[in-house]
Every structure is written in structure tokens, then in C-alpha cells.
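What the coordinates show
Given next are the chains, with one letter for each unit.
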Amino acid sequence: MSETNVEVFSGTEELVAAAAAKFVAVVTAAQAARGSASVVLTGGGTGIGLLERVRKDPGAVDWSRLDVFWGDERFVPAADSERNDLQARQALLDHVPVDPARVHPVAASDGEYPDPVEAAAEYSAAVHAHLAEHGAFDLHLLGMGGEGHVNSLFPHTAAVREEHELVVAVTNSPKPPPVRVTLTLPAVRRARHVVLVVGGAAKAEAVAAATAGADPVDFPAAGAHGSETTTWLLDSPAAAQLSR
């Protein structure tokens, strides 16, 4: 059964440092155990901040033996600064010797798959191929929105209710841009280790609900579990409503 841990840090700097250390620890342990590792990245300020921190202190990560995926992507042109792919490359991937063939971005809206449903199907094929070969992702990083969304899985939407597909298109996101491609909760659960990195008082209610076992349809983060461990890394304001 998956083990759940909650760790609370005094501020953003400490939170980001802990998340970066967790990234390095999970990746290096996976590489030691199985020869390679895979990570699913998240965007947002904290998600990109932890990648910048890893860039400064990469530990013993063997970048040539790492597969990189994204939990979701804004379906915008490839050069759009809002793309999680572009932000992650600027923060980390362009600065380490990662194998380009092992970096798996979601198709851009001006690329080979201009239809988001086709882009989701193409990404699903890549995800299924990886899981068929390796069995699981090693690490799935997640941020969380104030209403409890993770990836592009928002409360009371078809995407968060999806029980079978690993990747779906979202065409009516309540947060702009409206069109996205996202991994689903079944895909999140195909990770050995899930780490949610959450900061800010505006997220305290959703943190408390999700960690207390709320319905994922109401608070999607409640459905994010790793097969081995689930870790919540929080700053003090985000943890303010947790029961003691």
C-alpha cells in the first residue's frame, strides 16, 4: 500500500530546496536500482523553481539515463513562453547532458498534430510505450491550484473523472489557456513516487481536504497517489489548515 508523507517547510526557499533534493534522491535511487529513471515534470513557479535548483546542485544524476515527460501542457505554439516544455528547458534541460531522444514533450499547436485530441493520442502512445517497457514512471511531480487541481485536471470536469485513458485533451479549461493536453489520475497512479509541491495560504483549504481523503472529483489532488509513496511538500501557509 502506498505510504503518504507530509513535510512542512518555513518558506518558499526551503520548500523548493526540499523538492529539488527529492527529485535528485528519487532519480539517483531509480538509476542505481534499475539502470535508468523517468520523471514527469510540472510547471508553475514552484515546479520551474525546483528545476532551477536541481540545475545548481544535480547530485549524482546521470542525465543520459533519464526519460523526461510532462504531466500537462498548454496547447499553444512551440515558441510560446507559456509552454511548460520551453520553461523546463530554459530552467534545466538545456543545461544538462540529457539525451534528446529521451525527452518527450507534448506536441505544440503549430506542430505535426494541430488538433489537441490527436496530440493527446500521440502523447498517450509515447506514455504507453514507456510504461510497457519500464512498468512505471519513477517520479511524478505535481503542483496544485487553489481549488485543488493537479496537471490540467480541474474539479467536476470530464478529465478528472477519466478512469481509463492515460492522456486526454482538455478544451474548456477554467484557467487560461482553455486548450491543454493532460495526463489523467490513472496515469499519475502509474508512478512509483508522487510528490506534490504546494505553497501559499490560498491553497490551505484544498491541501487539508485532499490529504484528508476528499473525493477527487471535488479536489483532484486527493486522487494523486504513487504506487510506493505519496509525498506532500508544503510551506507553512499551505499547511495551515491541516489537523494536528
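As the structure is a computational prediction, the values presented were derived from the model and not from experiment. (Residues numbered from 1 in each chain as written. Predicted model: local features only at pLDDT ≥ 70, side-chain atom pairs only at ≥ 80, totals over all residues. Heavy atoms only, no water.)

Examining the packing of aromatic side chains
This is how it is decided: Put simply, two rings from Phe, Tyr or Trp (the six-membered ring, in Trp's case) pair if the centres are within 6.5 Å, and we call them stacked under 30 degrees between planes, edge-to-face over 60, tilted for the rest. Each helix corresponds to a stretch of at least 4 residues labelled H or I by DSSP, and each strand to a stretch of at least 2 residues labelled E; elements are numbered beginning at the N terminus.
Summed over the entire model, instances satisfying the criterion amount to three aromatic pairs. Geometrically, the ring pair formed by Phe69 and Phe137 is edge-to-face, given 5.2 Å between the ring centres and 65° between the ring planes. Of this pair, Phe69 sits in strand β3 (residues 66-70) while Phe137 is found in strand β5 (residues 137-142), placing the two residues 68 residues apart along the sequence. Aromatic rings pair up to connect Phe69, Tyr123 and Phe137 into one cluster.

Observations regarding helix α7 (residues 204-211)
Within an α-helix, residues lying three or four positions from one another point in the same direction, as the helix has 3.6 residues per turn. Inclusion rule: Accessible area is worked out with a 1.4 Å probe on protein chains only. A residue is then buried under 20% of its type maximum, exposed over 50%, and partly exposed in between. Two residues form a contact once any of their heavy atoms are found within 4.5 Å.
Counting buried positions over the eight residues of α7 gives six, a clear majority of the element. Within α7, burial applies to Ala204, Ala206, Val207, Ala208, Ala209 and Ala210. On its buried side, α7 packs onto β8 (191-198) and β9 (229-235). Gly213 occupies a position one or two residues after α7 and carries a positive phi of about 95°.

Some words on the sheet that holds strand β4 (residues 72-74)
What counts here: The pairing criterion for strands is at least two bridges between them, as found by DSSP. Angular values range over 0 to 180 degrees, each being the angle between N-to-C directions of two axes fitted as lines to C-alpha atoms, with helices fitted over their stretch in contact.
Read from one edge of the open sheet, three strands run β4-β7-β6, paired in antiparallel fashion. The outermost strands of the open sheet, each flanked by one partner alone, are β4 and β6 (167-170). Strand-to-strand twist in this sheet, taken as the mean axis angle between neighbours without regard to direction, amounts to 15°. Packing of helix α4 (residues 116-134) onto the sheet brings it into contact with β6 and β7 (180-183), and relative to β6 it is tilted by some 160°.

Comments concerning the side chain of Arg180
Put simply, the rule is: What qualifies as a polar contact is a pair of N or O atoms within 3.5 Å, subject to a donor-acceptor requirement within protein and to the restriction that residues adjacent in sequence count only when both atoms come from side chains.
Mapped onto the elements, Arg180 comes out in strand β7. By relative accessible area, Arg180 is classed as buried at 3%. There is a polar contact of 3.1 Å between the side chain of Arg180 and the backbone oxygen of Lys175. If we ignore the near neighbours within four places in the chain, the residues touching Arg180 are Asp72, Glu73, Arg74, Phe75, Ser152, Phe154, Val168, Ala169, Val170, Ser173 and Lys175.

A short note on helix α1 (residues 12-34)
Stated precisely, the cut-off is as follows: Multiply 1.5 Å by the residue count of a helix minus one, and that product is the helix's expected span.
End to end, α1 covers 33 Å across 23 residues, agreeing with the expected 33 Å (1.5 Å per residue, within 8%). The first or second residue beyond α1 is Gly35, which carries a positive phi of 95°.

Considerations on the pairing of β8
Taken across its eight residues, β8 has eight buried, putting it largely inside the fold. Pairing between β5 and β8: five bridges, direction parallel. Paired with His140 across the bridge in β8 is Val194. Where β8 meets β9, six bridges bridge the pair, whose relative direction is parallel. By the bridge assignment, Val198 is partnered in β9 with Leu234.

Remarks on the UniProt feature "domain: Glucosamine/galactosamine-6-phosphate isomerase" (unreviewed entry) in the protein
Cut-off, in case you're wondering: UniProt positions are given in the numbering used here, feature names are shortened, and annotations may be inferred rather than shown by experiment.
Per the UniProt record, the feature "domain: Glucosamine/galactosamine-6-phosphate isomerase" (unreviewed entry) sits at residues 12-232. End C-alpha atoms of residues 12-232 are separated by 14 Å, and the span's content is 36% helix alongside 18% strand.

Some points on the sheet that holds strand β1 (residues 3-9)
Working definition: the strands of a sheet are paired by backbone hydrogen bonds and lie parallel or antiparallel to each other. Spatial ordering of the open sheet is given by β1-β9-β8-β5-β2-β3, a layout of six strands whose pairing is parallel. The open sheet has two edge strands, β1 and β3, and neither has a second partner. Neighbour-to-neighbour, the strand axes of the sheet open up by a mean angle of 15°, direction not taken into account. α4 contacts β2 (37-41), β3, β5 and β8 of the sheet and is inclined by roughly 145° relative to β3.

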